[in-house]
Amino acid sequence: GAGVSQSPSNKVTEKGKDVELRCDPISGHTALYWYRQSLGQGLEFLIYFQGNSAPDKSGLPSDRFSAERTGGSVSTLTIQRTQQEDSAVYLCASSASGMGSGNTIYFGEGSWLTVV
Amino acid sequence: AQKVTQAQTEISVVEKEDVTLDCVYETRDTTYYLFWYKQPPSGELVFLIRRNSFDEQNEISGRYSWNFQKSTSSFNFTITASQVVDSAVYFCALSEAKYGNKLVFGAGTILRVKS
């Protein structure tokens, strides 16, 4: 696609439920990133994929968070047993390549998650 | 360790004023990349510029200009003749070659341009 596409745009969920957030990167981009933006924490890195593997998942805040990428394209970020502190905007991004390349990272519009 | 500091939390200017957004970074790597992104009220992060550590040439793009100074570890962003549409949150970010393409962001500067 022309840009990074994320769905859903907005999600309200009850505490304790699981949620899945989807990201479709720019066509041909091998690197994919998930970031989280919340009021108190700014923009935080969560995980980075190169192809289907995740060489850096250092930013995942707990084992309730997981992500996968299949076919070197679409990625899903899953949050299990959601907590109120998970409320944030989850931003997906992609770039033409990853490690050490300094390539420009392009962001999607984000998925706004509210846990009530 | 990587760190990006944007000391200005919020700036308000009147339309047509020039405004400079400061960015100071810390890195131990000799190969690194600096970025500026704009986040308008719609929420999407819009890429503005990328600079690598070996290129200290300043850059101008229309009303936007960037001043990269390795001696002071700064990468400041100036908007000339500001417009209301420039109102947004601006983020400076750093990536180090040895940490892949992972971006570390500053806290952001809210720019309000009043008519």
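Here the structure is shown first, and the text comes after it.
Residues numbered from 1 in each chain as written. Chains lettered and ligands numbered in written order. Predicted model: local features only at pLDDT ≥ 70, side-chain atom pairs only at ≥ 80, totals over all residues. Heavy atoms only, no water.

Peer 1: Talk me through the state of the cysteines; I want residue IDs and the actual numbers.
Peer 2: A full pass over the atoms with the stated rule returns two disulfides over all chains. Covalently, Cys23(A) is tied to Cys92(A) through a disulfide, its sulfur atoms 1.8 Å apart. Here Cys23(A) and Cys92(A) share a disulfide; its torsion about the S-S bond, -70 degrees, makes the bridge left-handed. Here Cys92(A) lies in strand β9 (residues 88-95) and Cys23(A) lies in strand β3 (residues 19-24), a separation of 69 residues in the sequence. For the pair shown, Cys23(A) and Cys92(A) are each scored as buried. Each disulfide pairs two cysteine sulfurs, and for Cys23(B) the partner residue is Cys92(B), the sulfurs being separated by 1.9 Å. Residues Cys23(B) and Cys92(B) are joined by a disulfide whose S-S torsion is about -65 degrees; by sign, that bridge is left-handed. (Disulfide = S-S within 2.5 Å. Helix = DSSP H or I, 4+ residues; strand = E, 2+ residues; numbered from the N terminus. Buried < 20%, exposed > 50% of the residue type's maximum accessible area, 1.4 Å probe, protein only.)

Peer 1: Any chance you could break down unusual backbone geometry for me, citing the residues and the numbers?
Peer 2: The linkage connecting Ser7(A) with the following residue, Pro8(A), adopts the cis geometry, with an omega of -10 degrees. Here Arg81(A), not a glycine, exhibits a phi torsion of approximately 50 degrees, which is positive. Within the secondary structure, Arg81(A) is located in the loop between β8 (75-79) and β9. Relative accessible area serves as the criterion here: at 41%, Arg81(A) is assigned to the partly exposed category. A positive phi is found at Lys16(B), a non-glycine position, where the angle reads about 85 degrees. Following the sequence through the fold, Lys16(B) ends up in the loop between β2 (10-14) and β3 (19-21). For Lys16(B), a relative accessible area of 70% translates into the label exposed.

Peer 1: Now, about the pairing of strand β8 (residues 64-69) of chain B: what can you tell me, with residues and values included?
Peer 2: All names here are of chain B. The side-chain alternation of β8 yields one buried face, formed by Tyr 64, Trp 66 and Phe 68, and one unburied face, formed by Ser 65, Asn 67 and Gln 69. Two elements, strand β7 (residues 59-61) and β8, share three bridges in a ladder whose sense is antiparallel. Bridge assignment links Ser 61 to a residue of β8, and that residue is Tyr 64. Bridge analysis of β8 against strand β9 (residues 74-79) gives six bridges, and the strand direction is antiparallel. Each residue of the ladder has a partner; that of Asn 67, found in β9, is Asn 76. Following β8, the chain reverses through four residues before pairing antiparallel with β9; Ser 73 in that reversal takes a positive phi of roughly 50 degrees. (Pairing = 2+ DSSP bridges.)

Peer 1: Summarise the packing of aromatic side chains; cite the residues concerned and give the values.
Peer 2: Considering all chains together, one arrives at 19 aromatic pairs over all chains under this definition. Plain terms: the ring middles of Tyr33(A) and Tyr48(A) are 5.1 Å apart, the flat faces sit at 15 degrees to each other, and that makes the pair stacked. Taken as a pair, Tyr33(A) in strand β4 (residues 31-38) and Tyr48(A) in strand β5 (residues 42-50) lie far apart in primary sequence, 15 residues in all. Of the residues examined, Tyr33(A) reaches a relative accessible area of 0% and is grouped as buried. Ring centres 6.0 Å apart and planes at 55 degrees place the aromatic pair Tyr37(B) and Phe105(B) in the tilted group. In this pair, Tyr37(B) is assigned in strand β5 (residues 32-39) and Phe105(B) in strand β11 (residues 104-105), connecting sequence segments 68 residues apart. Side by side, Tyr37(B) and Phe105(B) carry an identical accessibility label, which is buried. The rings of Tyr35(A), Phe45(A), Tyr106(A), Phe107(A), Phe35(B), Tyr37(B), Phe47(B), Phe91(B) and Phe105(B) are connected pair by pair, giving a single aromatic cluster. (Phe/Tyr/Trp six-rings, centres within 6.5 Å; stacked < 30°, edge-to-face > 60°.)

Peer 1: Explain the pattern of salt bridges to me, and be specific about the residues and the numbers.
Peer 2: Residues and elements named next belong to chain B. Evaluated as defined, the whole model comprises eight salt bridges over all chains. Here Glu 59 makes a salt bridge to Arg 51, at a shortest N to O gap of 3.0 Å. Under the relative-accessibility criterion, Glu 59 is labelled partly exposed at 29%. Between Arg 63 and Asp 86 there is a salt bridge whose closest N-O contact spans 2.8 Å. (Salt bridge = Lys/Arg side-chain N within 4 Å of Asp/Glu carboxyl O.)

Peer 1: Would you mind going over the side chain of Thr13(A) in detail, with residue names and values included?
Peer 2: Positionally, Thr13(A) belongs in strand β2 (residues 10-13). Setting aside anything within four residues of it in sequence, one finds Thr13(A) in contact with Val19(A), Thr82(A), Leu113(A), Thr114(A), Val115(A) and Val116(A). (Contact = heavy atoms within 4.5 Å.)

Peer 1: Give me the lowdown on the interface of chain B and chain A, citing residues and values where you can.
Peer 2: On the side of chain A, 22 residues touch chain B, which itself brings 15 residues to the contact. Together chain B and chain A conceal approximately 1,700 Å² of surface at their shared face, both sides included; 55% is due to carbon and sulfur atoms. There are one salt bridge connecting chain B and chain A. When the shortest N-O distance is used, the salt bridge between Lys102(B) and Asp56(A) registers 3.3 Å. For the pair chain B and chain A, the interface holds four residue pairs in polar contact (both at pLDDT 80 or more). Contributions of two or more residues to the side of chain B that touches chain A are made by β5 and β6 (46-52) of chain B. If one sorts the elements of the side of chain B that touches chain A by residue count, β5(B) sits on top with four residues. In terms of residue class, the side of chain B that touches chain A is built from nine nonpolar, three polar and three charged. (Buried area = accessible area lost by both parts, 1.4 Å probe. Polar contact = N/O pair within 3.5 Å; in protein donor to acceptor, adjacent residues only side chain to side chain. Nonpolar A, V, L, I, M, F, W, Y, C, P; charged D, E, K, R; others polar.)

Take it as geometry only, folks, not as evidence of what the structure does.
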